[in-house]
Amino acid sequence: MFLKEKKFAVVAVGALILVALGVYGGLFLSRSNVWQTGESGYTVVYLVSGDMYFGKLSGFPRPHLTDVWYMERGVSPENQPQLGVTSFKSAVWGPKDVLYLNPKNILWQTELSEESPLIQAIAQKRAAQ
């Protein structure tokens, strides 16, 4: 009888340790600064393809941006080069407003400050919509 109780205790302790490690790992990943956004809530992500996207970055369950924007080049009526921001969901193919990222393809990322001209341009675009 004592042997069965000992096996049960070992299994129970092992299960508790596994649960504790899982909870700790989940908390560590969710609080990691790797996939967090800054004061403005927006992060710039630069990919190996040369594409640059702006949005609210999250790392769970895998890195992704929501409220996604990208830079668009154009030419003014005076034939001068122009840069503007465009919402990802307004692209021709009609994507949802979420962009899942392969972490291996991210060269760098940085948080945008509240004073960023890009944040101001996004606010102006939203006001115009």
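Below is a summary of the structure that appears in this document. (Residues numbered from 1 in each chain as written. Predicted model: local features only at pLDDT ≥ 70, side-chain atom pairs only at ≥ 80, totals over all residues. Heavy atoms only, no water.)

## Some thoughts on unusual backbone geometry
It is generally the case that most residues other than glycine have a negative phi and that most peptide bonds are trans. For Asp67, which is not a glycine, the phi torsion comes out positive at approximately 50 degrees. Along the polypeptide, Asp67 turns up in strand 3 (residues 64-75). Its identity is not glycine, yet Asn79 carries a phi of approximately 65 degrees, on the positive side. Among the residues examined, Asn79 registers a relative accessible area of 61% and is labelled exposed. (Helix = DSSP H or I, 4+ residues; strand = E, 2+ residues; numbered from the N terminus. Buried < 20%, exposed > 50% of the residue type's maximum accessible area, 1.4 Å probe, protein only.)

## A word on the layout of surface pockets
Taken as a whole, the largest pocket spans an internal volume of roughly 240 Å³. Contributing to the lining of the largest pocket are Gly50, Asp51, Met52, Tyr53, Tyr70, Met71, Glu72, Arg73, Leu83, Phe88 and Trp93. Counting residues per element, the ones that place at least two in the lining of the largest pocket are strand 2 (52-58) and strand 3. If one sorts the elements of the lining of the largest pocket by residue count, strand 3 sits on top with four residues. Among the residues forming the lining of the largest pocket, the class breakdown is seven nonpolar, one polar and three charged. (1 Å grid on protein atoms, 1.4 Å probe; cavity = no way out; pocket = protein on both sides within 12 Å on 5 of 7 lines; lining within 4 Å. Points joined across faces, edges and corners; volume = space filled by probe spheres on them. Nonpolar A, V, L, I, M, F, W, Y, C, P; charged D, E, K, R; others polar.)

Keep in mind these numbers describe shape, not what the thing actually does.
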